[in-house]
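Below are the chains, spelled out letter by letter.
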Amino acid sequence: MALTWSFSGGTHPRSRKSTAESPTVRLDGFRRVVLPLSQHTGAPCRCLVTPGDLVKVGQRIGEPVGFLSAPVHATVSGRVVAIRRVLGYTGILGDAVEIESDGNYEIHPSVVPPTVTDRASFVAAIAASGLVGLGGASFPTHVKFSPPADRQPDTLLINAAECEPFLTSDYRRMVEDPAAVLAGVLHVMHYMSIPRAAIGIENDKPAAIAALHAVIDGKAAADPNGPAAAIEVVPLHTRYPQGAEKMLIYAMTGREVPSGGLPHDVKVMVLNVSTVAFIADHLQTGVPLVRRRLTLAGSAVASPANLDVPIGVPVADLVEAAGGFARTPAKVLMGGPMMGVALDSLDTPVIKANNAIIAFDEKEARIPDESVCIRCARCVEGCPMHLLPTSIDAAAREGDTEGLVEFHTMDCIECGTCTYVCPARRHLVQSIRNGKALLRKAEAKKKEARA
Ligand code: SF4
Ligand code: SF4
């Protein structure tokens, strides 16, 4: 499978992974956490606590509503001080539980290793753990574990590309704890009856490739007919957005996910590398998803680092605990510089899907003024989804919903490549996001009219 396929388009942004050799540092001692009841794709949770309640780490405080949802757990022990509306990092207002920590990190008695004996109990355990895709997509993992009966995956792909500049938390996970990655992959293969797996890593991460090879090859040598012998480590070309799901599937299997389709449509299951490592930890300890590993970096940060923090810590408190800002931050992103979301407040809490906080000073944050399109077609050549970014941009700016449909706007994966390569500095992704919002609005109106 190694380096056989790749994908067309994409770009090579400067990697700027200065924290690659910074071991993950666990930070505790935070005074408060704020836990949004919607940290996942799907319905927000129903709140299970009220102000004044005492809670412990791992206690369920948000109950999922429906299948496409994921429970929320207390990440510190202490007292619930408020249920309040917060602006989530996606820009949507929602309820959140604020807990004042007692500093003890006392574990709730419900936290015990789950009893897992078959697929159903495995999926139930993952659903109860609150796990969502830790690569940034925030899709509830138990939903991925429930594909339609006629699309049972034959291949498990582990997304370890981590192709965005600055991000190194997945890399550190692989280097520091490859055994957890292997154990997680084996659990998924076993309980989901997937006969083979492949871990895709960009070839600029030789230490991670070596660490995974060492544990997998050791296990396979001890049991040549066992499942570890069916796991490959696949070095991938270093090219952005190699870690986007559709690009990864094509690069590793040659299969193309159809427009509007999902990986199971081509009999593949894709999980992020930190997601599978969490699965191994959870089955062993029973601790639900209460902590997040992330990279803190950028020109405004005093001490760039890889951190392991309780979910719900406000970004301001996290940065202060990690050494503060070296310069006044002009732009703070949750996520990487290509796909991250700019925060309008440093009170925004870290949520399950945050893999990075990147803070830029004024010089780096400056958004260049747009100029007119010079029709160079670099955005078209760079688009990994084979779209026409400049045409979508024009349709979005004109409010032309028919054009937006015609140019397949909803297929855009918002990778940011078109904006990155544009010499006229056109704000293409922003415009495409606006176009998608227009289409959603138009769709909602149509539904209303039909009702
Ligand atoms: S149009 Fe969308 S998918 Fe294509 S390069 Fe731009 S952001 Fe990426
Ligand atoms: S890259 Fe920029 S200038 Fe070139 S065609 Fe696309 S929008 Fe126009």
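Participant: Give me the nonpolar core: which residues, what numbers.
Facilitator: Ile158, Val185, Ile199, Val276 and Ile357 are the most contacted members of the largest nonpolar core, which has 108 residues in total. Among the elements that make up this core, the one with the highest residue count is helix α4 (residues 178–191) (eight residues). In this structure Val276 touches Ile158, Val181, Gly184, Val185, Val188 and Leu271, once residues within four positions along its chain are discounted. If you look at the next biggest cluster of nonpolar residues, it comprises 16 residues, including Leu404, Cys418, Cys422 and Ile432.

Participant: So what's going on with the site of ligand 2? Residues and values would help.
Facilitator: With respect to spatial proximity, 13 residues lie near ligand 2, and among them Cys373, Cys376, Cys379, Cys422 and Ala424 are the closest. Tallied by class, the residues present in the shell around ligand 2 amount to nine nonpolar, one polar and three charged.

Participant: Hey, could you go over the site of ligand 1 for me, with residue numbers and the actual values?
Facilitator: In the vicinity of ligand 1 lie 16 residues, with Cys383, Cys412, Cys415, Thr417 and Cys418 positioned nearest. Residue assignment for the shell around ligand 1 shows that the elements contributing at least two residues are α13 (417–421) and α14 (428–450). At three residues, the largest contribution of residues to the shell around ligand 1 is made by α14.

Participant: Account for the sheet that holds strand β10 (residues 196–202), with residues named and values stated.
Facilitator: Read from one edge of the open sheet, four strands run β11-β10-β9-β12, paired in parallel fashion. Only two strands of the sheet have a single neighbouring strand rather than two, namely β11 (231–236) and β12 (268–272). Going across the sheet, the axis of each strand differs from the next one's by a mean of 25 degrees, ignoring polarity. With five bridges joining them, strand β9 (residues 155–159) and β10 adopt parallel strand pairing. Considered in β10, the bridge of Thr155 is made with Arg196. Its contacts with the sheet put α4 on β9, β10, β11 and β12, and the angle it makes with β9 is roughly 155 degrees.

Cut-off values and rules
Residues numbered from 1 in each chain as written. Chains lettered and ligands numbered in written order. Predicted model: local features only at pLDDT ≥ 70, side-chain atom pairs only at ≥ 80, totals over all residues. Core = buried A, V, L, I, M, F, W, Y, C linked by C-beta atoms within 7 Å. Buried ≥ 20, exposed ≤ 12 C-beta atoms within 10 Å, placed from the backbone. Helix = DSSP H or I, 4+ residues; strand = E, 2+ residues; numbered from the N terminus. Contact = placed C-beta atoms within 7 Å. Near = placed C-beta within 6 Å. Nonpolar A, V, L, I, M, F, W, Y, C, P; charged D, E, K, R; others polar. Pairing = 2+ DSSP bridges. Axes fitted to C-alpha atoms, helices over the stretch in contact; angles between N-to-C directions.

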